[in-house]
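Given next are the chains, with one letter for each unit.
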Amino acid sequence: MTAPEPDGQSPVGGPAAGQSPVGSAAAAAAEGSLLQVEHVAKRFGAVTALVDINLHVHRGEVLGLLGDNGAGKSTLLKILCGFQPPDTGRILLDGQEVHLKSVDHARSLGIDVVYQDLALIDELTVYHNMFLRREKVIGPLLNNRAMRKIARERLDAIGIGLKSVDVPVARLSGGQRQAIAVARAVYSDAKVLLLDEPLAAMGAKEAALILDLIRDLKQKGDLSIIIVAHNYGQAIEICDRINLLQHGEITFNKLAKDTSVQELNDIVIEEYRRALLERQKSA
Amino acid sequence: MSETAERAPDEVAALPPTPGLGGGPWGAVKRVGAVLAQQREATVFVVAVLLVIYFWRTAPAFLTKDNIVNISQITAPVAIIAIGEVFLLVCGEIDLSVGFIFAFSPFLMHYLIDYYGVPAVLAVLLSLLMGVTAGFVNGFITVALRVPSFIATLGTGFILFGIMLTTSNAYPANIPAKAQGIGHWIGTYAWAEITWAIVLVAIFQIVLSRTRWGLHTVAVGGNILGAAEAGVNVAKIKYGNFMLTGFMGALVGLQEAFRTNSIDPSSGGYTPMFYAIAGAVIGGTALAGGSGTVIGAFLGAFVLSALQDGFNLIGISANPLPIIFGAAILVAMIANVQLSRLRRAGRTT
């Protein structure tokens, strides 16, 4: 969909935006951050998915990226993990501009992603999934013994109750699958971990497993995490800072402790009202 | 599936126990049943053994040396082509053109030696290279031009068929005199083809179940988007497997030419290709991708060959044979689908 630019809205770093504190203060905070995105835009034919994205994440910080369906969250994630290039704008890692050529390339630089659709292969075993593209080998052959052992240790460390790492992942529950996908990314020497809707379609018990996992990662302190999420409450609970993505732009940037579900809701409702008004005007 | 297929017994034992598996003799029977359900080749292996026993009992000539050579020569070409088709089916593709690569490759060798004075060994290598190139073209049309492989290889198969017919005027040719010497180990020697088949099956079963290439082939066929997102080079896997199949087609074409001591425009075509796919399916390879085994395909090819040969020995007309083949494919497919449903039902949580 072509997102009309909200009146008076301007990208982060420009003149202070109307509804949220994403002005020069945020731009200053961006300095010295681990990952920085500047003026990234992306179009698909007539559809402008991202208008002008500016965001940053500090070392060891958990950034929540919230927004409606179609706001451009998934597109942004695909750009950050190297799956597709942006049309314009630049990405800086540790202050150095990087051109992410592929998922593999991004991963080699330390940016790893866990997708909403999990990218797990149903037919493969738990440990083969965990090591997909990073297999342990002896000469030309897979070192299944080593992979099985390491997978076992890592999953035990995370505390997901899995009887065997030899079963195909098709047999696991949604929470277990998500945990395996997260574990796979965590143990890849990632500096920045991108999580796409890690709690989507999950029951409270399973969500708790993932929230615990993210909390553990946070305590280790050296991993930066960007979480794309729908649920404001969960995001405020788990994240250090919240960014709101609307119409392909970051329109809100606050520390999680300085905002509330109420505030985020109000912003979104405000937006619906404006969209409704525009519809009525054009009708 | 390839994972369960190559699993050591201790690992099978480590699987979550199926509810209701008790001790005692009846428990042992149930455990054997569970292993059969897990290990796809086991089923077709049992069928193969039963067939051998049946034909041996009804026609003792079945296990004579001459007849074993005969069965091996029916099995080998199908099994070798099936190696390529298994890799393609597992990664979610198919090659209908391989039988025409088969048909063209000995003609190319003949042209190179007799018309262009190319040394025999080089001519053989160039014919194999033609197969690899044809596979690359199949891969290009499928991957880069996004034509489904069923249609892409239907088209390239016709083109290869036409090239072979046009260049040969549809006349058979003799094996070039210069190539006679090297033909022994390629296909003239009675046990040559089955030896190639067994060695290649062993190598490529290991490639499929024990190497990164095999793992990525399964990943591409199981969840192509997921594999790409995990960083698997999907295009490379598909190109590679089309090229592998093309190579196998060219190799079998040369072997069959040497074995029959003639280069025949009517050899190859759709029959060996469909037999290879049938063998793969009977051996437990899923047409939808994501799972399959090379050893299973070899056993499948053997079962088809044993049926063909055995009915011939017993004196049953060859006419109803396709009915048996068709039924065997359907039974194998139905069993595969139902067994994988059972496997999925056995969730661990």
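Treat the numbers as computed from the prediction; the structure is a model and nothing was measured. (Residues numbered from 1 in each chain as written. Chains lettered and ligands numbered in written order. Predicted model: local features only at pLDDT ≥ 70, side-chain atom pairs only at ≥ 80, totals over all residues.)

## A word on the overall build of chain A
Moving on, step 1. When you go through chain A residue by residue, the secondary structure sums to nine helices and twelve strands.
Moving on, step 2. In chain A, which comprises 283 residues, the share counted as buried stands at 47%. (Helix = DSSP H or I, 4+ residues; strand = E, 2+ residues; numbered from the N terminus. Buried ≥ 20, exposed ≤ 12 C-beta atoms within 10 Å, placed from the backbone.)

## Some remarks on the overall build of chain B
Moving on, step 1. Across its full length, chain B carries 16 helices and zero strands.
Moving on, step 2. In chain B, which comprises 349 residues, the proportion classed as buried is 48%.
Moving on, step 3. When contacts within chain B are restricted to residue pairs at least 6 apart in sequence, long-range pairs at least 24 apart make up 78% of them. (Contact = placed C-beta atoms within 7 Å.)

## Quick notes on the confidence of the model for chain B
Residues and elements named next belong to chain B.
Moving on, step 1. Scored by pLDDT, chain B has a mean of 87; 88% of the residues are at 70 or more.
Moving on, step 2. Across chain B, element-level confidence peaks in helix α7 (residues 120-144) with a mean pLDDT of 98 and bottoms out in helix α2 (residues 9-14) with 36.
Moving on, step 3. Segment residues 1-22: pLDDT under 50, and 40 contacts once partners within four positions in sequence are set aside and those in other chains are kept. (pLDDT = per-residue confidence, 0-100.)

## Considering the environment of I224(B)
Residues and elements named next belong to chain B.
Moving on, step 1. With respect to the secondary-structure elements, I224 resides in helix α12 (residues 224-229).
Moving on, step 2. The class of I224 is partly exposed, set by 19 C-beta atoms lying within 10 Å.
Moving on, step 3. For the pair formed by I224 and C91, sequence separation is 133 residues and the distance between their alpha carbons is 8.5 Å.
Moving on, step 4. Excluding anything up to four places from it in sequence, I224 contacts G92 and V234.

## What to know about the nonpolar core
Moving on, step 1. Within the largest apolar cluster, 168 residues are counted, with the highest numbers of intra-cluster contacts made by V182(A), L194(A), I227(A), A79(B), I80(B) and A82(B).
Moving on, step 2. Per-element tally for this core: the top contributor is helix α5 (residues 65-90) of chain B, with 14 residues.
Moving on, step 3. In this structure, I227(A) is in contact with V62(A), G64(A), L65(A), L195(A), P198(A), A235(A), I238(A) and C239(A), ignoring residues within four places of it in sequence. (Core = buried A, V, L, I, M, F, W, Y, C linked by C-beta atoms within 7 Å.)

## Details of the packing of helix α9 (residues 180-188) of chain B against helix α13 (residues 234-260) of chain B
Residues and elements named next belong to chain B.
Moving on, step 1. Across the interface, α9 lies against α13 with an axial gap of 8 Å and an inter-helix angle of 110°. By the angle between their directions, the pair α9 and α13 is classed as roughly perpendicular. Residue-level inspection shows G183, I186, G187 and T188 of α9 in contact with α13, the latter providing L254, Q255, E256, F258 and R259. (Axes fitted to C-alpha atoms, helices over the stretch in contact; angles between N-to-C directions. Parallel < 35°, antiparallel > 145°, perpendicular 65-115°, else oblique.)

## Structural notes on the confidence of the model for chain A
Moving on, step 1. Here chain A averages 82 in pLDDT, while 87% of its residues score no lower than 70.
Moving on, step 2. Considering only residues more than four positions removed or in separate chains, one finds that residues 1-28 of chain A, a stretch of pLDDT under 50, has 48 contacts.

## Description of helix α2 (residues 73-80) of chain A
All names here are of chain A.
Moving on, step 1. A large share of α2 lies buried, amounting to seven of its eight residues.
Moving on, step 2. Among the residues making up α2, those that are buried are K73, T75, L76, L77, K78, I79 and L80.
Moving on, step 3. Count one or two residues on from α2 and you reach G82, which has phi positive near 85°.

## Re unusual backbone geometry
Trans is the common state for peptide bonds, and a negative phi is the common state for residues other than glycine.
Residue and element names in this part refer to chain B.
Moving on, step 1. Although it is not a glycine, R146 adopts a positive phi angle of roughly 60°.
Moving on, step 2. By secondary structure assignment, the location of R146 is in the loop between α7 and α8 (149-168).
Moving on, step 3. A positive phi angle, near 55°, is found at N261, a position not held by glycine.
Moving on, step 4. On the secondary structure map, N261 appears in the loop between α13 and α14 (270-282).

## Digging into the pairing of strand β11 (residues 241-246) of chain A
Residue and element names in this part refer to chain A.
Moving on, step 1. Here β11 lies mainly inside the structure; six of its six residues are buried.
Moving on, step 2. Burial along β11 is two-sided: the face carrying R241, N243 and L245 and the face carrying I242, L244 and Q246 are both buried.
Moving on, step 3. Judged from the six bridges that link them, β11 and strand β12 (residues 249-255) form a sheet pairing that is antiparallel. Across the sheet, the residue bridging to L245 is I250, located in β12.
Moving on, step 4. The antiparallel hairpin formed by β11 and β12 contains two residues in its connecting segment, where H247 sits at a positive phi of about 50°. (Pairing = 2+ DSSP bridges.)

## Considering the packing of α5(B) against α14(B)
Residue and element names in this part refer to chain B.
Moving on, step 1. With their axes 8 Å apart at the nearest point, α5 and α14 run at an angle of 65° to one another. Helix-helix and strand crossings are classified by hand; for α5 and α14 the assignment is right-handed. On the side of α5, the interface is formed by P77, V78, A79, I81, A82, E85, V86 and L89, while α14 contributes P272, M273, Y275, A276, I277, G279 and A280.
Moving on, step 2. Among the residues forming the contact of α5 with α14, the class breakdown is 13 nonpolar, one polar and one charged. (Left-handed = near helix turned anticlockwise from the far one by under 90°. Nonpolar A, V, L, I, M, F, W, Y, C, P; charged D, E, K, R; others polar.)

## Some points on the pairing of strand β9 (residues 192-196) of chain A
Residue and element names in this part refer to chain A.
Moving on, step 1. Counted residue by residue, β9 has five buried out of five residues, so it is predominantly covered.
Moving on, step 2. Of the two faces of β9, the one carrying V192, L194 and D196 and the one carrying L193 and L195 are both buried.
Moving on, step 3. Relative to strand β10 (residues 224-229), β9 runs parallel, the two being bridged by five bridges. Residue pairing in the sheet places L193 in a bridge with I225 of β10.

## So, helix α9 (residues 261-282) of chain A
Within an α-helix, residues lying three or four positions from one another point in the same direction, as the helix has 3.6 residues per turn.
Moving on, step 1. When the terminal C-alpha atoms of α9(A) are compared, their 32 Å separation across 22 residues agrees well with the 32 Å that a helix rising 1.5 Å per residue should span.
Moving on, step 2. For α9(A), the buried fraction is low: one of the 22 residues fall into the buried class. (Expected span 1.5 Å × (residues − 1).)

## Some details on the environment of A119(A)
Moving on, step 1. Within the secondary structure, A119(A) sits in the loop between β6 (111-114) and α4 (126-130).
Moving on, step 2. On the basis of neighbour count, A119(A) is assigned to the buried category, with 25 C-beta atoms found within 10 Å.
Moving on, step 3. Once the C-alpha coordinates of A119(A) and Q178(A) are considered, the two residues, 59 residues apart in sequence, prove to be 9.9 Å apart.
Moving on, step 4. When near neighbours in sequence (up to four residues on either side) are disregarded, A119(A) contacts A181(A), G226(B), E229(B) and A230(B).

## A closer look at the environment of W196(B)
All names here are of chain B.
Moving on, step 1. Here W196 is to be found in helix α10 (residues 192-210).
Moving on, step 2. For W196, a count of 20 C-beta atoms within 10 Å translates into the label buried.
Moving on, step 3. With 89 residues separating them in the primary sequence, W196 and F107 have C-alpha atoms 21 Å apart.

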